Amino acid sequence: EQGHVDMFNALMNNPKFKAAYINRYADLLNTTFTRNNMLNHLNSMVADIQPEMQRHATRWEPGNANSYQTWLSNVEQLRNQIK
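The structure presented is a predicted model; accordingly, all values stated were derived computationally and were not measured. (Residues numbered from 1 in each chain as written. Predicted model: local features only at pLDDT ≥ 70, side-chain atom pairs only at ≥ 80, totals over all residues. Heavy atoms only, no water.)

1. Side note on the packing of helix α1 (residues 3-12) against helix α2 (residues 15-29)
Item 1. Their axes nearest at 7 Å, the elements α1 and α2 cross at an angle of 105 degrees. As summarised for this structure, α1 and α2 are arranged roughly perpendicular, according to the angle between their axes. Residues Phe-8, Leu-11 and Met-12 of α1 pack against Phe-17, Lys-18 and Tyr-21 of α2.
Item 2. When grouped by side-chain class, the residues that make up the contact of α1 with α2 number five nonpolar, no polar and one charged. (Axes fitted to C-alpha atoms, helices over the stretch in contact; angles between N-to-C directions. Helix = DSSP H or I, 4+ residues; strand = E, 2+ residues; numbered from the N terminus. Parallel < 35°, antiparallel > 145°, perpendicular 65-115°, else oblique. Contact = heavy atoms within 4.5 Å. Nonpolar A, V, L, I, M, F, W, Y, C, P; charged D, E, K, R; others polar.)

Right under this line is the structure:
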C-alpha cells in the first residue's frame, strides 16, 4: 500500500500547504530543474561513471558487443527527455 499518497492528498486539502507546495515546485522548476542545470548534472554523472561502464561491459559482458553501446543509448535517451 502507498500510504504516503493518502497523506499527500490530505495535505493538499490544506490551503497553506498547497500554496507552499506549489510555490516550492515552481521555484525548483525555475532553478534546480532547468534544462541546462539538469543536462550539466547528467553530463557530470556520465563523466564519472563512463570509464567504469566501459570496464563493466568488458569484464561482465565480453560476448555482448552492444552492452556499452546500449548504456550510451540509454544516456542519450535521458538527455532527450531532459531536453
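2. Examining the packing of aromatic side chains
Item 1. Within the structure shown, the criterion is met by five aromatic pairs.
Item 2. Taking 6.4 Å as the distance between ring centres and 80 degrees as the angle between the ring planes, the aromatic pair formed by Phe-8 and Phe-17 counts as edge-to-face.
Item 3. You can call Phe-17 partly exposed: its relative accessible area is 27%.
Item 4. Ring centres of Tyr-21 and Tyr-25 lie 6.3 Å apart, and the angle between their planes is 15 degrees; this geometry places the pair in the stacked category. Residue Tyr-21 and its partner Tyr-25 are both found in helix α2; the two are separated by four residues, about one turn of the helix. (Phe/Tyr/Trp six-rings, centres within 6.5 Å; stacked < 30°, edge-to-face > 60°. Buried < 20%, exposed > 50% of the residue type's maximum accessible area, 1.4 Å probe, protein only.)

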